[in-house]
Amino acid sequence: MPAITRDEVANLARLARIALTDEELDHLAPQLEVILEAVARVGEVAAEDIPPTSHALPITNVVRPDEVRAGLSQQAALSGAPEAEDGRFRVPRILEEEA
Amino acid sequence: MSPSTPDLVPYDEALSRYAPVLGLEVHVELSTASKMFCGCPTGFGAEPNTQVCPVCLGLPGALPVMNAEAVDAVIRIGLALGCDIAPWCRFARKNYFYPDMPKNFQISQYDEPIAYGGSLDVMIDTDDGPQTFTVGIERAHMEEDTGKSLHVGGATGRIHGAQHSLVDYNRAGIPLIEIVTKPVPGLGKYVPELARAYVGELRDILRSLDVSDVRMEQGSLRCDVNVSIAPVGAAEWGKRTETKNVNSLRSVERAVRYEIGRQAAVLDAGGTVKQETRHWQEGSGTTAPGRSKEEAEDYRYFPEPDLVPIAPTPERVEELRGTLPELPRALRVRLLGEWQLSPLDMQALINAGAVDLVVATVAAGAPPADARKWWLGELARAANETGTELSALPVTPAQVAQVVELVADGALNDKLARQVLEGVLAGEGEPDEIVAARGLAVVSDEGALGKAVDAAIAGNPDVAGKIRDGKVAATGALVGAVMKATRGQADAARVRELLLERLGPPE
Amino acid sequence: MTDSSTGDLVRRTAVDLAAMITKGEATAVEVAQAHLDRIDAVDGRIHAFLHVDHQGALAAAAAVDAKRSAGESLGTLAGVPLALKDVFTTAGIPTTAGSKILEGWRPPYDAALVERLRAADIVILGKTNCDEFAMGSSTENSAYGPTHNPWDETRIPGGSGGGSSAALAAHFAPLAIGTDTGGSIRQPAAVTGTVGVKPTYGGVSRYGLIACASSLDQGGPCARNVLDAALLHEVIAGHDPRDATSIDQAVPAVVEAARRREIGGMRIGVVREFAGEGYEPGVLASVRAAIDVLTELGADVVEVSCPSFTYALPAYYLILPSEVSSNLARFDAMRFGLRVGDDGTHSAEEVMAMTRGAGFGPEVKRRIILGTYALSSGYFDAYYGQAQKVRTLIARDFAAAFDQVDVLVSPTTPTTAFPLGERADDPLAMYLADLCTIPANLAGNAAMSLPVGLSDGLPVGLQVMAPVLADDRLYRVAGALEHALDDRRGHALLEKAPTL
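Within every chain, residues take consecutive numbers counted from 1 along the sequence as written. Starting at A for chains and at 1 for ligands, labels are handed out in the order in which the entities are written. pLDDT decides what is reported in this predicted model: residues at 70 or higher carry local features, side-chain atom pairs at 80 or more are listed and counted, and totals for whole chains, interfaces and linings draw on all residues regardless. Side-chain descriptors were evaluated using all non-hydrogen atoms of the structure, hydrogens and water having been removed beforehand.

Peer 1: Could you clarify how one ought to interpret the side chain of Asp397(C) in this entry?
Peer 2: All names here are of chain C. Checked against the element boundaries, aspartate 397 lands in helix α14 (residues 381–404). When accessible area is computed with a 1.4 Å probe and restricted to protein chains, residues below 20% of their type maximum are described as buried, those above 50% as exposed, and intermediate ones as partly exposed. By the counting scheme adopted, Arg and Lys are positive, Glu and Asp are negative, and His together with the chain ends is not counted. Take a side-chain nitrogen of Lys or Arg and a carboxyl oxygen of Asp or Glu: if they are within 4 Å of each other, that pair is a salt bridge. The side chain of aspartate 397 is buried and forms no salt bridge, while arginine 396, the nearest opposite charge, is found at 8.2 Å. Side-chain polar atoms of aspartate 397 contact the side chain of serine 308, separated by 2.6 Å. Helix and strand assignments come from DSSP, with helices taken as H or I runs of at least 4 residues and strands as E runs of at least 2, each series counted from the N terminus. Whenever two N or O atoms come within 3.5 Å, that pair is a polar contact, provided that in protein one can donate a hydrogen and the other can accept it, and provided that, for residues adjacent in sequence, both atoms are side-chain atoms.

Shown next as structure tokens:
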């Protein structure tokens, strides 16, 4: 029986960069536990020798030629930006260093 | 012990008690015309966010499509490194959040790299002469580059202390190939040299394949150095650190050396080495810890659903194998014979990163010995003085070949040739332009030479007398006088002839 | 007050309207205006639309009229109005995916499907309501309020594409576009008495479709009858080099199939697993009656068992959240969309989390967390990995079934339209609406829903499923059945819907 604690949910929310209120955390854990129990049924299927399917159709080798194509203008690229400066997307200060 | 200036155990001492293990991860930016998953151009230096589209901006609804040239490139790289090419492989999503990542996942490859299981032989100088070590290649796989952030408001333009950042996605989606070695134990004290030689050798191979500019100083070749140490004789390897921001071959060597000393000090003091990412600091020659994370990142890899598997046919792989150029190692073996070099001479060329340059200079018409002389002599000195690599100097093999020809024709002597090369490096133009502009041609006008010789004889009667008396050796002093008077532009051999004609014993 | 001709216009089929426009019996502008007027008058109650593009639609209609005047040739659906699910990017026109996190976002590019609609001179009236990021079975998860079923405004119109199906049923447009990830076209079609088709995976380009679960999503045609849907199918389907999963083959001959109106000798399999407990008797009765008609029309009907289908729902609710958790990571306040908390005191990381906390609704958050869990190292094999294996088994069951029969049939969904609010607090109960539709998404097969009857005055849909790339078989069966049922009934089912 999979159990998922409030702490685990809080951890997952951090990983997923979603700020949850305490109330949300209170409700989510039991809800997720019920769902998890239902989906865990996939474990009932004997599938040791079954290959996984990641793509519905057996298409392979779809590539495009190495050619330049018109993209977006700087203005169009920035058109949805919450904030822009000097042709760049302005974002709040970043704490973590790049991986 | 101050935490900001860690102790270091001197290198040789560290090696007497600890055995190091080395790993290297190299990222290569491909020189394709368009990005990995979209048709945006990849050129350097454009205005910010002018080489972007919905795909590389990660806009809702956008989809990636693989660049055919990039697939060919990674297969060729894999073949050049002796790898097996997977008959079928997929892409995977590496999920993590960062503002320079448009989708907050990177399309990469996880447990199905397209190339794996190769090796690269690297030769370095040891106490017992040049020796070859085989570095195992774990894998080479495809992935995409991130955008670039400018951090504004802090003191140094780095992240710490910045108030906000400005992001440019022109670089996002540029094709990257990641090449990972297997761990290399048993190198003992040669770890730093081997690391450097491996990266240099890899760079030469990539350059010969013409898949990348491989300029470390520009970021088209990036190296992460993994180092761990364990007490000599220990059954298990130690905890390893990963050092990033290593931007030159010299830094690779220095970073490895430093990390070994630092880790030895930690272990000597009874501590444990923290498994972490560190950053090489060029100025201080040290590594600094990256921001520590509470837990190791879980990238939650899963197969990329928007891209279909790549399944290169055996025929295609062989076709690409046929396009491989003569690889550096084979080239060098051939040159050893053709140029009658000793292995030591060849090693000197390799160490200086001069092999390709000398080959190109020979192709432009210079004799091998002359080509080597200039690249390993004058030009190597210039490179050292400016702290750059030979290949980054602003002089081409064609120009060097021109200078060699001018000397062979007698239009220049060695001293003048040096001045001409100085001029090329300074950006004054082509060799013949500099000769003309600076008036550096060898004085071969018999009249002018004759006058200068007569003047030297007249000005040095004692020495002239000695020569008349048969002390031919004294001629050198007068030659020197003439050279000085002509600002080094006289043909020294001709001067000597003229002096002896006038002063020497009758034939 | 609408005059009879205008009222007429909104009750016409797409085929009729296209013919009228081509012949000059009505202008495209008149047709567009009639539909826009109806939307303005009635959609306040239904809430099918999130954005109505009066200006754009009339301009597009005028362009069609100009083309006609100039003697230029027009496509088969030129001038016909269409309602577009708000998960396709439309350049310069608000696109929200039913979420607050994209409120006000105007994309800088058109989706491939939108390009095709425009090239066919179809007149896009506006963007329709849907469950947030296409996750739901009732359209109650829309951040902008639910849509009401035109058959009974206290009931759900289905989801996630309830807006598109309601728009059809309410006669706001004769054509609509939806997307189907686990039944989001078919189930709304079933509960609104309309036709909805999920093409073979890869049949319609996903370039410009805001992704929910990439390996399952498909855009598809919605209409009030089979032939209209087939014509629309032909417009939107086809290879697109910008979508690597797009099928590089000719579009199946769906229009030809829709016109055949005969199925003599076709072998039809009834899925044994899709009946029994949880299925409303009225639904089963209507479906049974329709299947009997198929027999009368000359088809060979047998029962087929697909045992792994019972694992389809749990596998789906592992695979979908996993892909969703990754696809929705890009909504981070950095490049577009909502930004919350950027007051100078919060870091980028905090602004990301605050924005996503404020901008995503509860169902979306549930699925992102679930997906993050299922992909975590340590859990991957048991959950996501295992679900992918179930996917293989489902594909094998389909293949085995299609060795015996040409198409499979079942109820589209176990119940008729349930009341708004009934399942809103019970995610698992909500998920059960997708029981019958999910297998086709997991295996990539073509599937559709056709209205076949009423149960307690509410529409019931029959699902038809065909092998991969055999979309035409759907239309052949549905076209014949629709014709026979309308014949027996004396009118189209939709005419029983309340007049709004």
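That shown, we press on.
Peer 1: Sorry if this is basic, but what is going on with the pattern of salt bridges here?
Peer 2: Oppositely charged side chains may form a pair once their charged atoms are brought near each other. By the definition in use, this model includes 70 salt bridges over all chains. One salt bridge in this structure joins Glu253(B) and Arg257(B), with 3.6 Å as the shortest N-O distance. Pair noted here: Glu253(B) and Arg257(B) are both in helix α5 (residues 249–268), with a separation of four residues, about one helical turn. Residue classification places Arg257(B) among the partly exposed positions, given a relative accessible area of 30%. The residue Arg288(C) makes a salt bridge to Asp292(C) at a minimum N-O spacing of 4.0 Å. One end of the pair is Arg288(C) and the other is Asp292(C), both in helix α10 (residues 281–296) and four residues apart, which spans about a single turn. The exposure class of Arg288(C) is partly exposed, given its relative accessible area of 44%. Residue Asp292(C) is classed as partly exposed on the basis of its relative accessible area, which comes to 37%. What you see here is one network of salt bridges that share partners, running through Glu83(A), Glu85(A), Arg90(A), Arg339(C) and Asp342(C).

Peer 1: What's the story with the sheet that holds strand β12 (residues 241–246) of chain B in this structure? I'm lost.
Peer 2: Across a sheet, strands are paired by hydrogen bonds formed along the backbone, either parallel or antiparallel in direction. Residue and element names in this part refer to chain B. Note on pairing: DSSP must find at least two bridges between two strands before they are called paired. Here we have nine strands laid out as an open sheet, ordered β3-β6-β7-β10-β1-β11-β12-β13-β14, and mixed in their pairing. One side of each edge strand has no neighbouring strand; the edge strands of this open sheet are β3 (84–85) and β14 (286–289). Across seven bridges, strand β7 (residues 129–144) lies against strand β10 (residues 175–181) in antiparallel orientation. Pairing of histidine 141 across the sheet is with glutamate 178, part of β10.

Peer 1: Just to check I follow, could you spell out the nonpolar core for this structure?
Peer 2: The tendency in soluble globular proteins is for nonpolar side chains to be buried side by side. For our purposes a nonpolar core is just a set of buried Ala, Val, Leu, Ile, Met, Phe, Trp, Tyr and Cys residues, chained together by side-chain atoms within 4.5 Å. The biggest cluster of nonpolar side chains holds 288 residues, and the ones touching the most others in it are Leu22(B), Ile114(B), Ile179(B), Tyr198(B), Leu117(C), Phe133(C) and Tyr475(C). When sequence neighbours within four positions are dropped, the list of residues in contact with Leu117(C) reads Leu82(C), Leu84(C), Ile122(C), Ile124(C), Ile177(C), Leu232(C), Val235(C) and Ile236(C). Core analysis: the next-biggest nonpolar cluster, separate from the first, contains 34 residues, Ile350(B), Ala354(B), Leu357(B) and Val400(B) among them. When checking whether two residues touch, look at their non-hydrogen atoms; a contact exists if any pair is within 4.5 Å.

Peer 1: Just checking my understanding: could you explain the interface of chain A and chain C for this structure?
Peer 2: In many reports, interface size means the accessible area that the parts give up when they come together. Taken residue by residue, the interface counts 54 residues in chain A and 61 residues in chain C. Throughout, the accessible surface (probe 1.4 Å) given up by two parts as they are put together, summed over both, is called the buried area. Interface of chain A and chain C: buried area, both sides summed, is about 4,700 Å²; carbon and sulfur atoms make up 68% of it. Contact with chain C buries area across many residues of chain A, yet Arg17(A), Val42(A) and Pro92(A) alone supply 13% of it, more than any other trio. Lys365(C) is paired through a salt bridge with Glu24(A); the nearest N and O atoms lie 2.5 Å apart. Breaking the side of chain A that touches chain C down by element, the ones donating at least two residues are α1 (6–15), α2 (22–39) and β3 (88–92) of chain A.

Peer 1: Is there a simple way to think about the interface of chain A and chain B in this case?
Peer 2: At the junction of the two partners, chain A supplies 37 residues and chain B supplies 64 residues. When chain A packs against chain B, the two sides together hide about 4,200 Å² of surface, and 58% of this comes from carbon and sulfur. Looking at the side of chain A facing chain B, the largest losses of area belong to Arg64(A), Asp66(A) and Glu97(A), adding up to 18% of the total buried there. At the boundary of chain A and chain B, one finds zero salt bridges. Counting every contact that joins chain A to chain B gives 22 residue pairs in polar contact (both at pLDDT 80 or more). Of all elements in the fold, only α1, β1 (63–64), α3 (74–78) and β3 of chain A reach the threshold of two or more residues within the side of chain A that touches chain B. Here the side of chain A that touches chain B takes five residues from β3(A), the largest share from any one element. In this count, Pro and Cys sit with the nonpolar residues alongside Ala, Val, Leu, Ile, Met, Phe, Trp and Tyr, while Asp, Glu, Lys and Arg are called charged and the others, Gly among them, polar. Residues of the side of chain A that touches chain B, tallied by class, amount to 15 nonpolar, nine polar and 13 charged. Taken together, the two bridges between β1(A) and strand β2 (residues 66–67) of chain B define a ladder with parallel strand orientation.

Peer 1: Just to check I follow, could you spell out unusual backbone geometry for this structure?
Peer 2: Leave glycine aside and you will find that most residues have negative phi; peptide bonds, for their part, are mostly trans. Cis geometry marks the peptide bond from Gly159(C) to Ser160(C); its omega dihedral reads 5°. Here Ser160(C) lies in the loop between β3 (123–128) and α6 (162–169). Here Val214(B), not a glycine, exhibits a phi torsion of approximately 40°, which is positive. Here Val214(B) shows up in the loop between α4 (191–209) and β11 (221–231). With relative accessibility at 2%, the residue Val214(B) sits in the buried group. Here the phi dihedral of Ala97(C) falls at roughly 55°; this positive angle occurs in a residue that is not glycine.

Peer 1: It is not clear to me how the packing of helix α15 (residues 461–468) of chain B against helix α16 (residues 475–485) of chain B should be interpreted in this structure. Could you clarify?
Peer 2: When two helices pack together, their arrangement is given by the angle between the helix axes and the distance between those axes. Residue and element names in this part refer to chain B. The axes used here are C-alpha line fits, helices contributing only the stretch in contact, and every angle between their N-to-C directions lies in the interval 0 to 180 degrees. Close contact between α15 and α16 brings their axes to 9 Å; oriented N to C, the two are set at 140°. Between α15 and α16, the interaxial angle falls into the category oblique. The hand of the α15/α16 crossing is left-handed. Counting all contacts with α15, which are made through Val463, Ala464 and Ile467, the residues of α16 involved are Thr475, Ala477 and Leu478. Split by residue class, the contact of α15 with α16 holds five nonpolar, one polar and no charged. Working rule for angles: under 35 degrees goes down as roughly parallel, over 145 as roughly antiparallel, 65 to 115 as roughly perpendicular, anything else as oblique. Two helices that cross are described as forming a left-handed crossing if the nearer one is turned anticlockwise from the farther one by less than a right angle, and a right-handed crossing if clockwise.

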